[in-house]
Amino acid sequence: MDALHDPGIATGLARSAAVEHANVPVLSAPSGARIYLGVASWTDPSMTAAGVFYPDGVTKPEARLRYYASRFPIVEVDSTYYAIPARKMAELWTERTPDGFVFDIKAHALMTGQPSEVNRLPRELRDALPPDLAKKTRIYADDLPEELRDAVWASFLDALAPLVESGRAGAILLQYPRWVGPSRGNARMIEEARARLEGRGWRAAVELRNRAWFDERTRARTFDLLRRNQLSYVSVDSPPGFESSVPALAEVTSPTLAVVRFHGRNTDTWEAKVTQVSQRFRYLYDESQLREWLPLIRAISEQAEAVHLVFNNCYGNYGTTNALEMARMLLRTGYR
């Protein structure tokens, strides 16, 4: 990848320092929509390394989250995709963040048609597995008896209840992998997810990673599926040229929330095997690329009450730098 988009931590620090404001508030769009900017991790090892984002001495989990929440009004939690958290974790997140701070939570793998490692499931779920499944390294939700599929969802949502009770619940991100393409069965899976979230205090946002959902024949049906189920569409910026590449669209399918996720445009790593997940998103947007999104964000904010702009290019300080720069652009174009 070219040096312009992977220039190193020092360049990220310099670009962040050049932004007039050190902290990003919740912004108000000209339409009145609330705009939340943040990144998709506060704990990635590339981000917590000394001299990258956190000040000297901010090394413990509590201090890191408190510091992050003093800089941005929203964060996306990625760890919940790999392991269902303990309720105590959500209680700590609540204690360590101010009122008004928002958590978007990525759904666990078993909730979106993806496999989970058996040894990362909570003990009560592992102990309840049939013997043939307990021996496996990875399992899919379709492998499970219905009562255990129910238990996965119940365990996940119960663990996150403190965020709902404290007013910090943003969206559950239902990120479907590229092998989940348009079909009646997959539409039912998405509708089932919506039904399971009903009345639990969360809005649901759907990110689709199979471009067939958006071809000329299917696109209208895709957005109709999301609208009739009151699911927020996740617009994305991602590397082009892959089966999982989808177009950047200012489509809003729920009046309460729209989400935009910025994955970077690193074509070398997007679908490659990497030793650390953050390597896949190792990409620093230049300002012209961020500016491309201004009219799309304006169009989205005219259709939704709240907009979450989440930078998932959270290698080192790339995501935080781009979030600060995007906030500056919005402030200079009529947001306040």
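Residues numbered from 1 in each chain as written. Predicted model: local features only at pLDDT ≥ 70, side-chain atom pairs only at ≥ 80, totals over all residues. Heavy atoms only, no water.

A. Geometry of the pattern of salt bridges. This structure, assessed with the given rule, holds 22 salt bridges. Salt-bridge contacts for R168 lead to D99; the nearest nitrogen and oxygen are separated by 3.3 Å. Of this pair, R168 sits in the loop between α9 (161-165) and β7 (169-176) while D99 sits in the loop between α5 (87-95) and β4 (102-106), placing them 69 residues apart in sequence. Under the relative-accessibility criterion, D99 is labelled exposed at 71%. The shortest N-O distance in the salt bridge between R228 and E191 comes to 3.3 Å. Of the two residues, R228 is situated in helix α11 (residues 219-228) and E191 in helix α10 (residues 184-197); the sequence distance between them amounts to 37 residues. Counted as one network, the salt bridges with shared partners bring together E76, E207, R209 and R261. (Salt bridge = Lys/Arg side-chain N within 4 Å of Asp/Glu carboxyl O. Helix = DSSP H or I, 4+ residues; strand = E, 2+ residues; numbered from the N terminus. Buried < 20%, exposed > 50% of the residue type's maximum accessible area, 1.4 Å probe, protein only.)

B. Layout of the pairing of strand β11 (residues 306-311). Of all the six residues making up β11, six are buried; the element is thus mostly covered by neighbouring parts of the structure. Judged by which residues are buried, β11 turns out to be covered on both faces: A306, H308 and V310 on one side and V307, L309 and F311 on the other are all buried.

C. Region of interest: the environment of Q230. By the element assignment, Q230 lies in the loop between α11 and β9 (232-237). Sequence spacing of Q230 and A50 is 180 residues, and the spatial spacing of their C-alpha atoms is 43 Å. Residues contacting Q230, with those up to four places away along its chain left out, are R194 and S254. (Contact = heavy atoms within 4.5 Å.)

D. Layout of helix α14 (residues 318-331). With 14 residues, α14 ought to run about 20 Å at 1.5 Å a step, and its terminal C-alpha atoms sit 20 Å apart, in line with that. Summarising burial for α14: 13 of the 14 residues are buried, a large majority. (Expected span 1.5 Å × (residues − 1).)

E. How the structure looks around the packing of aromatic side chains. Scanning the model with the defined rule gives 21 aromatic pairs in all. The interplanar angle of 65° and the centroid separation of 5.5 Å between the aromatic rings of F53 and Y67 together place this pair among those described as edge-to-face. You can see F53 sitting in the loop between α2 (45-48) and α3 (61-71) and its partner Y67 sitting in helix α3, a full 14 residues away along the chain. A centroid spacing of 6.4 Å and a plane angle of 80° characterise the contact between Y285 and F311, whose relative ring orientation is edge-to-face. (Phe/Tyr/Trp six-rings, centres within 6.5 Å; stacked < 30°, edge-to-face > 60°.)

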